[in-house]
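# Architecture and fold: a report
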Amino acid sequence: MSVTFSAVNDSVLIHISQEASDKDFGAVLESFNNIPSLKEVRIDMKDLVYIESEIQEQIVSIKKNVGAKSVHVVLLNVSESVYTTLEMADLLNLFIFKQDLSLYHIDELVYMFHNPDVANEISVYISSNYSPDFHNKMMEGANSEDSQVREHCILTMGRAQDSDATEVIRQGMDSVYPNVVRASILALGWLGDCESKERFFNFISSKDIEVAEAAGASISLVSDERDPEKLRKLSESENSNIRIIVAGTLSLINGDEAYAIIVKMLEKERNEQVRTVLVQRIAYFNKPDATEMLISMLDDSSKSVKEAAAAGLGRTGLRGHEDEVLKRINMEDVWLSYFAVKALGQNCSAKSAKYLKEIYNKSEEHLRLAIIEALSNAPSDMDNFFAERLFDSNEDIRKVTLSAIYKSNKKTAIAKSVKLLEDDPSWLVRYKALEIISIEKPAGYKKVLTKIKKKDNNRNIQEKIASVLGI
Amino acid sequence: MLNNTIKIGDSEFLELRDIIYKQSAIVFVENKKYLLENRLSKRIQELNFSSFKDYIYYLKYDINCRKELDLMINLVTINETYFLRERPQLDHVVKVALPEIIAKGKKSIRIWSAACSTGEEPYSIAILIKEAGLQSKASIEIVGTDINSEVVEFARTGEYRSMSFRGAPNHFVPTYFKQDNVIYKLNDDIKHMVKFNVGNLTTLGIGTLMGKFDIIFCRNVLIYFDMDGKKKVIDMFYNTLNSPGYLYLGHSESVNKLSTSYTVNVFGGGIVHLKQ
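Residues numbered from 1 in each chain as written. Chains lettered and ligands numbered in written order. Predicted model: local features only at pLDDT ≥ 70, side-chain atom pairs only at ≥ 80, totals over all residues. Heavy atoms only, no water.

## Some remarks on the overall build of chain A
Put simply, the rule reads: A run of DSSP states H or I qualifies as a helix once it reaches four residues; a run of E qualifies as a strand once it reaches two. Both are numbered from the N-terminal end. A simple rule labels every residue: compare its accessible area, found with a 1.4 Å probe on the protein chains alone, to the largest value its type can have, and call it buried under 20%, exposed over 50%, or partly exposed in between. Pairs of residues are marked as contacts when any of their non-hydrogen atoms sit within 4.5 Å.
When helices and strands are tallied, chain A shows 27 helices and 5 strands. Taking the principal axes of its C-alpha atoms as reference, chain A extends roughly 75 × 65 × 35 Å. By residue count, 56% of the 471 residues in chain A fall in the buried class. Partitioning the contacts of chain A with sequence separation of at least 6, the portion at a separation of at least 24 is 62%.

## Structural notes on the environment of Tyr248 of chain B
Residue and element names in this part refer to chain B. Where we set the bar: Any pair of N or O atoms that falls within 3.5 Å is considered a polar contact. Within protein, one atom must be able to donate a hydrogen and the other to accept it, and sequence-neighbouring residues count only if both atoms are side-chain atoms.
Inspection of the secondary structure assignment puts Tyr248 in strand E8 (residues 241-249). Judged by relative accessible area, Tyr248 falls into the buried class, the value being 0%. Here the alpha-carbon distance between Tyr248 and Leu90, two residues 158 residues apart in the chain, equals 9.1 Å. Among residues more than four places away in sequence, those in contact with Tyr248 are Gln89, His92, Val93, Ala97, Ile215, Ile216, Phe217, Cys218, Arg219, Phe267, Ile271 and Val272. Of the polar contacts made by the side chain of Tyr248, one reaches the side chain of His92; its length is 2.7 Å.

## Thoughts on the domain arrangement of chain A
Rule in force here: Residue ranges assigned to the domains are those given by an automatic or database domain assignment.
For chain A, the domain assignment lists domain 1 (3-101), domain 2 (104-222), domain 3 (225-284), domain 4 (286-380) and domain 5 (391-471). On a C-alpha basis, the centroid separation for the pair domain 2 of chain A and domain 5 of chain A is 46 Å.

## Focus on the interface of chain B and chain A
Defined as follows: A simple way to read buried area is as the amount of 1.4 Å-probe accessible surface that goes missing from two parts once joined, with both sides added. Every case where a carboxyl oxygen of Asp or Glu lies within 4 Å of a side-chain nitrogen of Lys or Arg is listed as a salt bridge.
Chain B puts 39 residues into the contact, and the matching count from chain A is 53 residues. Taking both partners together, chain B and chain A bury about 4,100 Å²; carbon and sulfur atoms supply 53% of that area. One can count 6 salt bridges joining chain B with chain A. The partner of Asp54 of chain B in a salt bridge is Lys342 of chain A, and the shortest N-O contact between them spans 2.9 Å. Where chain B touches chain A, the interface holds 11 residue pairs in polar contact (both at pLDDT 80 or more).

## Some words on the domain arrangement of chain B
Residues and elements named next belong to chain B. Assigned domains within chain B: domain 1 (10-76) and domain 2 (87-275). Distance between the C-alpha centres of domain 1 and domain 2: 29 Å. Here domain 1 packs against domain 2, burying approximately 860 Å² in sum over the two surfaces, 51% of which is carbon and sulfur. For the interface between domain 1 and domain 2, the tally reads 0 salt bridges.

## Quick notes on the packing of helix H24 (residues 410-423) of chain A against helix H25 (residues 427-440) of chain A
Residues and elements named next belong to chain A. The following threshold applies: Convention adopted: a line fitted to C-alpha atoms gives each axis, helices being fitted over their contacting stretch, and angles between N-to-C directions are expressed from 0 to 180 degrees. Should an angle fall under 35 degrees it is called roughly parallel, over 145 degrees roughly antiparallel, and 65 to 115 degrees roughly perpendicular, with every other angle called oblique. Helix crossings are classified by the rotation of the near helix relative to the far one: an anticlockwise turn of less than a right angle makes the crossing left-handed, while a clockwise turn makes it right-handed. Charged means Asp, Glu, Lys or Arg here, nonpolar means Ala, Val, Leu, Ile, Met, Phe, Trp, Tyr, Cys or Pro, and polar covers whatever is left, Gly included.
For the pair H24 and H25, the least separation of the axes is 8 Å and the interaxial angle reads 130°. When the axes of H24 and H25 are compared, the pair comes out oblique. Relative to H25, H24 is oriented so that their crossing is left-handed. Facing H24, whose interface residues are Lys410, Ala413, Ile414, Ser417, Val418, Leu420 and Leu421, H25 presents Val429, Arg430, Ala433, Leu434, Ile436, Ile437 and Glu440. Each residue belonging to the contact of H24 with H25 can be placed in one class, and the counts come to 10 nonpolar, 1 polar and 3 charged.

## A word on the sheet that holds strand E3 (residues 40-44) of chain A
Residues and elements named next belong to chain A. For the record, the criterion: For two strands to pair, DSSP has to find at least two bridges joining them.
In spatial order, the strands read E1-E2-E3-E4-E5; together these 5 strands make up an open sheet with mixed pairing. At either end of the open sheet lies a strand with only one pairing partner, and these are strand E1 (3-8) and strand E5 (96-98). Strand after strand, the sheet turns through a mean of 20° between neighbouring axes, direction not considered. Where E3 lies against strand E4 (residues 72-76), 5 bridges are found, and the strand directions are parallel. When the sheet's bridge partners are listed, Asp44 is paired in E4 with Leu76.

## Topic: the packing of H25 of chain A against helix H1 (residues 10-24) of chain B
Two packed helices can be described by the angle between their axes and the distance between those axes. Packing of H25 of chain A against H1 of chain B leaves a shortest axis separation of 11 Å and a crossing angle of 165°. Here H1 of chain B runs roughly antiparallel to H25 of chain A, going by the angle between their axes. Crossing of H25 of chain A over H1 of chain B shows right-handed handedness. In this structure, H25 of chain A contributes Trp427, Leu428, Tyr431 and Glu435 of chain A to the contact, and H1 of chain B contributes Asp10, Ser11, Leu14, Glu15 and Asp18 of chain B. Here the residues of the contact of H25 of chain A with H1 of chain B sort into 4 nonpolar, 1 polar and 4 charged.

## Looking at the pattern of salt bridges
Residue and element names in this part refer to chain A. According to the stated counting rule, one finds 54 salt bridges over all chains in the structure shown. The partner of Glu140 in a salt bridge is Lys137, and the shortest N-O contact between them spans 3.5 Å. You can see Glu140 and its partner Lys137 sitting in helix H6 (residues 132-142), 3 residues apart, about one turn around the helix. Take Lys137: its relative accessible area is 17%, and that puts it in the buried class. For Glu167, the salt bridge is made with Arg170, and the minimal N-O distance between the two is 3.0 Å. Of the two residues, Glu167 and Arg170 are both situated in helix H8 (residues 166-172); the distance of 3 residues between them amounts to about one turn of the helix.

## Notes on a nonpolar patch on the surface
Residue and element names in this part refer to chain B. The condition is simple: For patches, a residue must show more than 30% relative accessible area and have no salt bridge; joins then use 9 Å for like charges and 5 Å for nonpolar side chains, namely Val, Leu, Ile, Met, Phe, Trp and Tyr. Accessible areas in this description were obtained via Shrake-Rupley with a 1.4 Å probe; residue shielding takes into account the shown protein chains only.
Nonpolar side chains collect at one region of the surface, where Val264, Val266 and Ile271 lie side by side and expose about 260 Å² of accessible area between them. Assignment of secondary structure puts Val266 in strand E9 (residues 263-267). Using a relative accessible area of 61% as the deciding quantity, one classes Val266 as exposed.

## A short note on the layout of surface pockets
To keep it simple, the criterion reads: Grid points spaced at 1 Å and placed over the protein atoms alone form the basis of the search, with a cavity being a set where a 1.4 Å probe fits but cannot get out and a pocket an open set showing protein on both sides within 12 Å along at least five of seven lines. Lining residues have an atom within 4 Å of a point. Grid points are joined across faces, edges and corners, and a volume is the space filled by probe spheres set on the points.
By volume, the second largest pocket amounts to about 630 Å³. Taken together, 30 residues make up the lining of the second largest pocket; nearest its centre are Tyr50 of chain A together with Glu253, Ser254, Asn256 and Ile271 of chain B. Elements with a contribution of two residues or more to the lining of the second largest pocket: helix H2 (53-67) and helix H3 (80-88) of chain A together with E9 and strand E10 (270-275) of chain B. Looking at the lining of the second largest pocket element by element, the count peaks at 4 residues for H3 of chain A. Here the residues of the lining of the second largest pocket are counted per class, giving 12 nonpolar, 14 polar and 4 charged.

Next up, the structure:
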């Protein structure tokens, strides 16, 4: 059969093959009448490389047939070409589009490993639904001569914690293909294969940066108390890439000893790129010393190091260093100031709020955006300050202000959202307003949205309203 | 180091999609969200940012935003491809299209690989032309263009890794490449058959700039343009083609509803759009 269907509870699944013709749909349409509680029609289109107009018409007639009963029609696994054809015919709004990998045969899934954009997704799907069949197929693929299939089968076995595959995966580290070597190292790390640790250490010096990074990540997963010392030795390498990898590995290990080594590295390091990475990595240590270190790096001579330090403070928190951060906000180094304001804003004190309000008008636009966000966490009443910002000529400022109002006062935000959705010239602001209305669903919101749908020509607004109203 | 993938919110996606569209006319549909996440997360973290929102501000407000826009477009437009991809169309060129053009007495023939990415497509065409011995029958110029300046630079080097050969037969690599550890270097005689340039298909006047062609390849690219962009590109190709002219699109692409000027010719394993 070119069109097959099956019913489960209140849902129908239809599969269409490339050879289907309009005559194959008769029984499908009739079947809907036999399911009074029908809620969803799912149409699997994975085998359609292209779509004939007669098939397109049949799909639309399915929608017409069940749409009046508020039954959703979901198109599954739609190819690019079919999607484009439906777009040309202006039919996208009629359907919900989803991917359902369970409808693919195991061989089809493995074939999809050739598409780098979806390979990871496929791997995650297989590992989450791992079965003996999947195990056998992955074992077969792990011995394939096709390096992409081999790479992703190995990654999948690692993700699935398939310890029976350990030996096969170890062999992958001897491959001439770096992608296979990298995959094997990662998978063995996920499997906690301590026996491979010495080899991981050797791979840290690999010329292939992705292999070296994978080695660092896997070392951190199987590390013990002796490993920081080994990494310290590697940190003395003349190769800056190795020093960067070591910094990353130490931050993943994340103990006191690792922290001490990374600080020593920073003291000695002269390469700006490595210094920046070291500062970024220090922010991953959750300890007061890390905050102190980042504060001290705010005065570094390198702009990128200073910015990394300020951004890192957003991760570690300020731990009583508010004043030191406030005094670094200046109009010259705008991104340093941006990160500093974001760090202050996480728990914005009355003192910080007062200062940020004072400097607002002197600030560049993107710093203003960070200030408004920071002030949304301030303890004092910002209603007047925010109200003025809603009239700013910059659309981002109006949008961020609306978000800030929503954080502090939902009732006001809803009222402002209704107004902005009607009037604001920027779709960005109207979209934010629409998001707030769709979450809060105030009384009469459907009427408001229906009215807006008739007059607002922006496609993003149109589609969002259609999804909120289910039309 | 194995950076985490940063998730993009709905409104951030729509705004970034708008920015990319204005910059390149490329459209990212909703189901391509993951692609932006995969390709931009590393860059966002390099800049010390932790969200797409921060990155969008950077693109809009930084003093070097123009440079960053170019870099971002490069990151999101890399299309991974491989030698002899969708081979039946390539075979059609050397077995049908070129012999037909040569039979009409043409001595100088131009072929355009209009979104050549890292160069596998134009080099595949060059190799098949050499294998078919067509160089002795006419002067054949192959030009590869891509919007992404980085991939064009890569294509010029003619150096590849094993993944570029997943569609190639066993003799292919040893015949046309020299292996240097994990790198495969294309032989100079093939390399010299192809010229590369950076070019955006939706730029006004690109057709005039490129000159006339007898054969155009533009595979798996139209899917990234909206209707208006698709129409413009297809019309530009028509004006750029000589008569007869041959246009090869990706398997999942068609000029259906975009142009009535072409004659569609279906052959075993593919479709060619003809300008008579």
